[in-house]
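A closer look at the structure
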Amino acid sequence: MHEVSLCQQLASAVTRAAGRRVVETVHVDVGALRQVVPEAMHFAWGAVVRGTPLDDAQLQMRELPAVIRCLDCGTESQLGPELGFSCRACGSADTQVVSGEQFLLRAIDVMTVPVRESPG
């Protein structure tokens, strides 16, 4: 389950970015070609952040569609469930992926009060 590895890296980046502020929500964009299962990602997030300063942070995911551009005719097409990479307009196989491979930390929502330090 590569979702665990993604969540570990995400939690590390969020922790660095937030500093001592309390994180309420983590917003990520996930491309359709990343093969991330939303339910598995949410489960992994909960497991990875349990017992850390991110324990109460919610994960909000936005899926970005997979889009290809034909290098012959220039047409951009959104891939459907069949995931054929040929151009929808001219049938050419000479295409490139324009969108859909992203995994991007888009934003974090933080509280303005700093995290309290543990005694001792």
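Remember, it's a predicted structure, so these values are computed and weren't measured experimentally.

1. Overview of the overall build of the protein
The number of helices and strands found in the protein is 2 helices and 6 strands. Taken from the N to the C terminus, the helices and strands of the protein come in the order α-β-α-β-β-β-β-β. At 19 Å, the protein has a C-alpha radius of gyration far larger than the 14 Å of a compact globule built from 120 residues. Counting only C-alpha atoms, the protein reaches 70 × 25 × 15 Å along its principal axes. Accessible surface for the protein amounts to roughly 7,400 Å². Of this, 51% is attributable to carbon and sulfur atoms. Charge separation in the protein, taken as the distance between the mean sites of 10 positive and 14 negative side-chain charges, equals 8 Å.

2. Here we look at the nonpolar core
Ranked by internal contacts, the top residues of the largest apolar core, which has 18 residues, are Leu 10, Val 23, Val 26, Met 41, Trp 45, Leu 54 and Leu 59. Only helix H1 (2-18), strand E1 (21-31) and helix H2 (38-49) provide two or more residues apiece to this core. Each residue touching Leu 59, except ones within four places of it in the same chain, is listed here: Leu 10, Val 26, Val 28, Met 41, His 42 and Trp 45.

3. Notes on the pairing of E1
On a regular strand, one side chain projects to one face of the sheet and the next to the other, so that they alternate. Counting buried residues in E1 gives 8 out of 11 residues, a clear majority hidden from the surface. As judged from the 7 bridges shared by E1 and strand E2 (residues 58-64), these two strands associate in the parallel manner. Each bridged residue has a counterpart across the sheet, and for Thr 25 the counterpart in E2 is Gln 58. Following the backbone out of E1, through H2 and into the adjacent parallel E2, one traces a crossover that is right-handed.

4. Quick word on the pattern of salt bridges
Tallying each qualifying case throughout the model produces 3 salt bridges. Across the pair Asp 29 and Arg 62 runs a salt bridge whose closest N-O atoms are separated by 2.8 Å. One end of the pair, Asp 29, is in strand E1; the other, Arg 62, is in strand E2, and 33 residues separate them in sequence. The partly exposed category is assigned to Arg 62, whose relative accessible area is 39%. The network of salt bridges with common partners includes Asp 29, Arg 62 and Arg 106.

Basis of the calculations
- Residues numbered from 1 in each chain as written.
- Predicted model: local features only at pLDDT ≥ 70, side-chain atom pairs only at ≥ 80, totals over all residues.
- Heavy atoms only, no water.
- Helix = DSSP H or I, 4+ residues; strand = E, 2+ residues; numbered from the N terminus.
- Rg over C-alpha atoms; globule rule 2.2 N^0.38 Å.
- Areas by Shrake-Rupley, 256 points an atom, 1.4 Å probe, with all protein chains shown as cover.
- Lys, Arg positive; Asp, Glu negative; His and termini not counted.
- Charge placed at Lys NZ, Arg CZ, Asp CG, Glu CD.
- Core = buried A, V, L, I, M, F, W, Y, C linked by side-chain atoms within 4.5 Å.
- Buried < 20%, exposed > 50% of the residue type's maximum accessible area, 1.4 Å probe, protein only.
- Contact = heavy atoms within 4.5 Å.
- Pairing = 2+ DSSP bridges.
- Right-handed = clockwise from strand over helix to strand, strands pointing away.
- Salt bridge = Lys/Arg side-chain N within 4 Å of Asp/Glu carboxyl O.

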